[in-house]
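Read off the chains here:
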Amino acid sequence: MDIQLSNINHSYDKFEVLRDINLDIPTGKIICIVGPSGCGKSTLLRLIGGLEQPTSGQVLQLGNAPAGCLNPLTYIFQDFALLPWRTVQGNISLVLEDHGIRGAELQKIIDDVLARTKLTDFANALPKQLSGGMKQRVAIARALAVKPAVMLMDEPLSALDSQTRELLMDDLVSLWSRTPFTAVYVTHNLAEAVRLGHSIVVLSRRPGEIREIVKVDKPLSERKHGDTDLEAQQKYLWDLMRDEARAADAELLNV
Amino acid sequence: MSDLKNTRPVKFRGGGFAPTSRRWVGFVVFAVLIALAEIGTQTGFITALTLPKPSDVLQTFIDLYNSGLLFTHAVPSLTRLAVGSAMGISVGIMVGVMIGLFSYVRAGLVPLVAAIFPIPKIALLPLFVIWFGIDEGSKYALIALGTFTPTVVATYGAVDNVDRTLIRMGQSFGLSWMSIVRKIVLPGAMPGILSGLRISLAIGIILLVAAEMLGAEHGIGAYILEAGSLYDLERLFAGVVMLSVLGVVVSMAIGVVERRVLRWRS
Ligand SMILES: Nc1ncnc2c1ncn2[C@@H]1O[C@H](COP(=O)(O)OP(=O)(O)OP(=O)(O)O)[C@@H](O)[C@H]1O
Ligand SMILES: [Mg+2]
């Protein structure tokens, strides 16, 4: 199942946020979206997931979601969005209960996703007992539980410290290597973009337009922290963005 | 910087603002106040006309218990409070949640609630007597209305305060509207609803006594009124003690429920 964005424009009242976005999201690839602060990245992600409707243009789903997929477009949020009154297990069962999954089948899915995210020992912990990195792994487990066709991730690692971020990036890479998933990954961190993205969409400052789509050809599993070719690409991205980011920063002061 | 003579530990200034459980302090406060009153009345420093001896009040209480009159008065009062506040609180929570969820309900009912809230409900008792009869009906209605408004206000405030990102999360996973309300909105609003209950029930007790003073044969309020009109301070205070005990018990019961339901917060 591919996603296609055609001629998306979006404004809040008279406030233009996104302009003329055309983008293909092919199955099994991770698309990173980078751009200066306030350029409309989160808005774009909400449009893709159907949480908001574009002012004009369409988000198209090409083909059907694979069999067994419970929630084709699934988010992973920057602030985890775990229910504090439910245990790790309960947070995962929350999104399955509505699909009529009960009893042994429910437990089987929960055990499986907890094992994949290395959380088996924490099944009965409450979110407040977990570290930030673990909370985000719970959110990832919850997303995996509904077998999404496309994962929509809005700065999933930016609330975490840099070591935890490295570890979670490794986790995401190994998850992808075992079963490739489709993802749209919004970030402001260019190092994350070159580590995880098959292609990187660079947006201009608001109103966000696509400036360039940069492909990263190296296979995910071969990318390492501090690779020189990745660093070269990261520098290239930064050169693309620097002036935009500076201008965007100055603009926010005048609002 | 390395001035050795001026070396001293950094002053600790991070204390307080973190309520912890210190239940015995409450008992100590009660005990000290009662002990002071006892000493004062025994020594004659406080005259018998100013304040009855706590020990005499206790004796009155024991007599009341032995004669069975305690239950004659307490049982109808407790029933009125339970029935009236159960009605007011359950309808209040429902209406509060509706106001929190639907803009039209909010626009229509918030002004109405604001208009009802400041009316001293006891002033409406004659009206309720006409509507619901002189017996229990009017008292239930009075307590129900009195607990209803604060419950509504606390509930919709609590629903407004539920983290929007959690609701977005529920929608993004395709949960049904009902599931979002039941599994995200209600538990998220629970802390606010429970602290609203404390206020609602205290108002319920006040109205209970007022209603019983205005027309009831039995009940704590009727008992206090009778004692008061005879200037029988011991019995008056015995009645007041019953009310205070009722207040403390209600507050403790809510505390127990809070600890149960809100275990995830501590
Ligand atoms: N619901 C809304 N109503 C009005 N304006 C909005 C709304 N949501 C976002 N905006 C505005 O749209 C612009 C883009 O917001 P968005 O959150 O998509 O940016 P972003 O690229 O994700 O920024 P950041 O890097 O800070 O996360 C911002 O200027 C923001 O103020
Ligand atoms: Mg954003």
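Conventions used here
- Residues numbered from 1 in each chain as written.
- Chains lettered and ligands numbered in written order.
- Predicted model: local features only at pLDDT ≥ 70, side-chain atom pairs only at ≥ 80, totals over all residues.
- Heavy atoms only, no water.
- Pairing = 2+ DSSP bridges.
- Helix = DSSP H or I, 4+ residues; strand = E, 2+ residues; numbered from the N terminus.
- Axes fitted to C-alpha atoms, helices over the stretch in contact; angles between N-to-C directions.
- Contact = heavy atoms within 4.5 Å.
- Domains from an automatic or database assignment.
- Buried area = accessible area lost by both parts, 1.4 Å probe.
- Salt bridge = Lys/Arg side-chain N within 4 Å of Asp/Glu carboxyl O.
- Polar contact = N/O pair within 3.5 Å; in protein donor to acceptor, adjacent residues only side chain to side chain.
- Buried < 20%, exposed > 50% of the residue type's maximum accessible area, 1.4 Å probe, protein only.
- Near = heavy atom within 4 Å.
- Areas by Shrake-Rupley, 256 points an atom, 1.4 Å probe, with all protein chains shown as cover.
- Nonpolar A, V, L, I, M, F, W, Y, C, P; charged D, E, K, R; others polar.

Re the sheet that holds strand β2 (residues 15–25) of chain A
Residues and elements named next belong to chain A.
Move 1: Strand order in the open sheet formed by three strands is β2-β1-β4, with antiparallel pairing between adjacent strands. The outermost strands of the open sheet, each flanked by one partner alone, are β2 and β4 (56–62). Taking the axes of each pair of neighbouring strands and ignoring which way they run, one obtains an average angle of 15° across the sheet.
Move 2: Bridging between strand β1 (residues 2–12) and β2 involves seven bridges; their strand directions are antiparallel. When the bridges of β2 are listed, Tyr12 appears paired with Phe15.
Move 3: Packing of helix α1 (residues 41–48) onto the sheet brings it into contact with β1, β2 and β4, and relative to β1 it is tilted by some 125°.

Considerations on the domain arrangement of chain A
Residue and element names in this part refer to chain A.
Move 1: Per the domain assignment, the segments making up chain A are domain 1 (2–65 + 149–253) and domain 2 (79–147).
Move 2: Just the C-alpha atoms count here: the centres of domain 1 and domain 2 sit 26 Å apart.
Move 3: Facing the twelve residues of domain 1 at the interface are eleven residues of domain 2.
Move 4: Among the residues domain 1 hides against domain 2, the three largest losses belong to Met151, Leu168 and Leu175. Together they make up 40% of the total.
Move 5: Our count for the contact surface shared by domain 1 and domain 2 stands at one salt bridge.
Move 6: Between Lys118 and Asp171 there is a salt bridge whose closest N-O contact spans 2.9 Å.
Move 7: At the surface where domain 1 touches domain 2, the tally comes to two residue pairs in polar contact (both at pLDDT 80 or more).

Points about the pattern of salt bridges
Close approach of charged atoms allows side chains of opposite charge to pair.
Residues and elements named next belong to chain A.
Move 1: Applying the stated criterion across every chain yields a total of 23 salt bridges over all chains.
Move 2: Glu97 serves as the salt-bridge partner of Arg86, at 3.3 Å between the closest nitrogen and oxygen. Note that Arg86 is positioned in the loop between β5 (73–76) and α2 (88–97) and Glu97 in helix α2, a separation of eleven residues in sequence. Here Arg86 matches Glu97 in class, with each residue buried.

Considerations on the site of ligand 1
Residue and element names in this part refer to chain A.
Move 1: Among the 13 residues in the neighbourhood of ligand 1, the closest are listed as Gly38, Gly40, Lys41, Ser42 and Thr43.
Move 2: One of the side-chain N or O atoms of Thr43 is found 2.5 Å from an oxygen atom in ligand 1.
Move 3: Considered on its own, ligand 1 offers 640 Å² of accessible surface; in the complex 61% of this is hidden by protein.
Move 4: Taken together, the elements giving at least two residues each to the shell around ligand 1 come down to β2 and α1.
Move 5: Here the shell around ligand 1 is built from residues that sort into four nonpolar, five polar and four charged.

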